[in-house]
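# Working through the structure, step by step
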Amino acid sequence: MTTLMDELSDAPISSLNLPMPGKPRLRRLAEMLIADPSAKTSFANWASALGMSERTLSRLLLQEIGMSFGRWRHQLHVILAVQRIASGESVKTVALELGYENASSFVNMFRKTLGKPPVRYLTEHRTILISS
């Protein structure tokens, strides 16, 4: 788990960045999300599981990683998707593993984030991914 988190935070995937929190409770949150990226747990439930209010969790995340929970989780999904598809998994498999209802909604999210559908993005960035 630690190795995966270190690799994700150092991954040179275009302009994507996944800052990892250093504070123990926030790090635990990151570990839980990486272990189960498809979890549909609400922000309120995450905060409660960590023993803090939603407001406190929100403030700490912004201070620690410079982005909201939703944005961080979204970045995690995109980075995991790029890595998994690049390693040969199908778009449909990745979409379902990340908790999307179908491949179409996943491709739409991916296109909005990176400007291209997954296969086209990977084809154009293959040299970056192979050297990492």
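None of these values were measured; they are calculated from a predicted model. (Residues numbered from 1 in each chain as written. Predicted model: local features only at pLDDT ≥ 70, side-chain atom pairs only at ≥ 80, totals over all residues. Heavy atoms only, no water.)

## Here we look at helix H4 (residues 54-65)
- Here H4 spans 16 Å end to end across 12 residues, near enough to the 16 Å set by a 1.5 Å rise per residue.
- Residues of H4 that are buried include every one of Leu-57, Leu-60, Leu-61 and Ile-65, and no others. Down the axis of H4, the buried set is contained in an arc of 100 degrees. They therefore lie on one face. Exposed positions of H4 whose direction lies more than 90 degrees from the buried face are Arg-55 and Gln-63.
- As for H4, its buried residues are in contact with helix H2 (24-35), helix H3 (43-49) and helix H5 (69-86).
- Just downstream of H4 lies Gly-66, where phi reads positive at about 75 degrees. (Helix = DSSP H or I, 4+ residues; strand = E, 2+ residues; numbered from the N terminus. Expected span 1.5 Å × (residues − 1). Buried < 20%, exposed > 50% of the residue type's maximum accessible area, 1.4 Å probe, protein only. Arc of directions from axis to C-beta. Contact = heavy atoms within 4.5 Å.)

## Remarks on the nonpolar core
- Counting residues in each nonpolar core, the largest one holds 39 residues, and the members touching the most others are Leu-29, Leu-57, Trp-72, Phe-106 and Phe-110.
- If you list the elements that add at least two residues to this core, you get H2, H3, H4, H5, helix H6 (91-97), helix H7 (103-114) and helix H8 (118-124).
- The element that contributes the greatest number of residues to this core is H5, accounting for 9 residues.
- Not counting chain neighbours up to four residues away, the residues in contact with Phe-106 comprise Ala-81, Ile-85, Val-91, Val-94, Ala-95, Leu-98, Tyr-100 and Pro-118. (Core = buried A, V, L, I, M, F, W, Y, C linked by side-chain atoms within 4.5 Å.)

## Structural notes on the confidence of the model for the chain
- Of the residues in the chain, 83% reach a pLDDT of 70 or more, and the chain-wide mean stands at 85.
- The spread of mean pLDDT over the elements of the chain runs between helix H1 (residues 2-10), the lowest at 49, and H4, the highest at 96.
- Low confidence marks residues 5-14, where pLDDT is under 50. Its contacts with residues over four positions away, or in another chain, come to 26 contacts. (pLDDT = per-residue confidence, 0-100.)

## Some remarks on empty space enclosed by the protein
- One pass over the full model with this rule turns up 1 cavity of 30 Å³ or more.
- If you add up the space inside the largest cavity, you get close to 50 Å³.
- As for the largest cavity, its lining consists of Pro-21, Leu-26, Leu-29, Ala-30, Leu-33, Leu-61, Ile-65, Phe-69 and Trp-72.
- Looking at the lining of the largest cavity, the element that brings in the most residues is H2, giving 4 residues.
- When grouped by side-chain class, the residues that make up the lining of the largest cavity number 9 nonpolar, no polar and no charged. (1 Å grid on protein atoms, 1.4 Å probe; cavity = no way out; pocket = protein on both sides within 12 Å on 5 of 7 lines; lining within 4 Å. Points joined across faces, edges and corners; volume = space filled by probe spheres on them. Nonpolar A, V, L, I, M, F, W, Y, C, P; charged D, E, K, R; others polar.)

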